Amino acid sequence: MLQMYNVPGGRICYKIGTRHINDQLIGLMESHMAWGETKGDINALRNNRAFAEECVLSLTPENCDPEGALNSFFSLYDLLKAEKLYKPNLLMEYILFQIIQIEIDLTMDDREANSLIEKIPEENRKKMLKEVEKLIKNGEYDDLPDPSAEEEVSRFEDIQAYMDICFEDFDCLFLDQMTERELEERGLAKAFGINTTSRIPPGGWKN
């Protein structure tokens, strides 16, 4: 699962809400896998260079090669499918950013377009609303001018809010100008506090 930030509510919202967002991100990634004659056959796509060149490369910086793009795309997918919380590396974050941005653009450009983001099941939503209402009553949201439990819980269903919840920062966008190695060699990673040390664990993401 993806490590998340700025999550509304408390423990209940975090547990239910982050799982919900994670599942929506999996759905968005799988929508990109509905490609060609493979019809979403993930195993058939993992080493498919044509899929990399025609689909995945558009989600990566210009200096990314097809093999690196494909590996990072499916490493992100595997991370989302894992049970433990993980922070993706910089290139995986870049891909995630692009996937979310594409969905935002689609729903903003076409008001009649159906977003792929699903609603939280009603039973879970009630639990989350109850928790946020209690937090508001206890003064946990005093920094907001007019806090609303409904608005806070709705952020888990709002693709635009995912930009705030799914990213600690947007350092991944530095990859539009240079590679991770160049960021390190030029001292920019250290100077700006850019995390270039996150790596895929040996053997992949563990449950």
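See above for the structure.
So, how was this worked out
Throughout this description, residue numbers start from 1 for each chain and increase along the sequence as written. For a predicted model such as this one, the threshold for reporting local features is a pLDDT of at least 70, and the threshold for listing and counting side-chain atom pairs is 80 or more; totals across whole chains, interfaces and linings nevertheless cover every residue. Only hydrogens and water are set aside; all other atoms, that is, all heavy atoms of the structure, feed into the side-chain values. Helix and strand assignments follow DSSP, with helices taken as H or I runs no shorter than four residues and strands as E runs no shorter than two, numbered in order from the N terminus. For every residue, the accessible area obtained with a 1.4 Å probe (protein chains only) is divided by the maximum for its type, and the residue is called buried under 20%, exposed over 50%, and partly exposed between those limits. The contact criterion used throughout is that any non-hydrogen atoms of two residues lie within 4.5 Å. Here the expected span of a helix is defined as 1.5 Å times the quantity of residues minus one. The nonpolar core is taken to be a set of buried Ala, Val, Leu, Ile, Met, Phe, Trp, Tyr and Cys residues, with the residues joined through side-chain atoms within 4.5 Å. Pairs of N or O atoms within 3.5 Å make up the polar contacts considered here, provided that, within protein, one atom can donate a hydrogen while the other can accept it, and that residues adjacent in sequence are counted only when both atoms are side-chain atoms. Each pair of aromatic rings taken from Phe, Tyr and Trp, with Trp reduced to its six-membered ring, is defined by centres within 6.5 Å and is described as stacked if the planes are under 30 degrees apart, edge-to-face if over 60, and tilted in the remaining cases.

(A) Focus on the side chain of His20. As for its placement among the helices and strands, His20 is situated in helix H1 (residues 11-32). Residue class for His20 comes out buried when judged on its relative accessible area of 8%. Once residues within four sequence positions are removed from consideration, His20 is found in contact with Glu118, Lys119, Ile120, Phe156, Glu157 and Tyr162.

(B) Molecular detail of helix H6 (residues 122-137). Taking 1.5 Å per residue, 16 residues should reach 22 Å; H6 reaches 22 Å between its end C-alpha atoms and fits that length. Considering only its buried residues, H6 is in contact with H1 and helix H7 (149-154). In the stretch just after H6, Gly139 is the one whose phi turns positive, near 85°.

(C) Quick look at the nonpolar core. Ranked by size, the top nonpolar core spans 62 residues in total, and within it Leu25, Phe51, Phe73, Ile100 and Cys166 carry the most contacts. Among the elements of the structure, H1, helix H3 (49-54), helix H4 (66-81), helix H5 (90-109), H6, H7 and helix H8 (162-165) are those that each provide at least two residues to this core. No other element matches H5, which puts ten residues into this core. Apart from residues lying up to four places away in sequence, Cys166 is in contact with Leu2, Gln3, Tyr5, Ile21, Leu25, Leu96 and Ile100.

(D) Broad picture of H4. The first and last C-alpha atoms of H4 sit 23 Å apart over 16 residues, in line with the 22 Å expected at 1.5 Å per residue. Backbone nitrogen of Glu67 and a side-chain oxygen of the N-cap are separated by 3.1 Å at the start of H4; the cap is Asp65.

(E) Quick look at the packing of aromatic side chains. Using the criterion set out here, one finds seven aromatic pairs in the structure. With 6.3 Å between their ring centres and 45° between their planes, Phe51 and Phe74 make a pair best called tilted. One end of the pair, Phe51, is in helix H3; the other, Phe74, is in helix H4, and 23 residues separate them in sequence. Summarising the burial analysis for this pair, Phe51 and Phe74 share the class buried. With a centroid separation of 5.7 Å and 80° between ring planes, the pair formed by Phe97 and Phe170 is classed as edge-to-face. Note that Phe97 is positioned in helix H5 and Phe170 in the loop between H8 and helix H9 (180-185), a separation of 73 residues in sequence. Residue class for Phe97 comes out buried when judged on its relative accessible area of 13%. Among the aromatic residues, those joined into a ring-pair cluster are Trp35, Phe51, Phe73 and Phe74.

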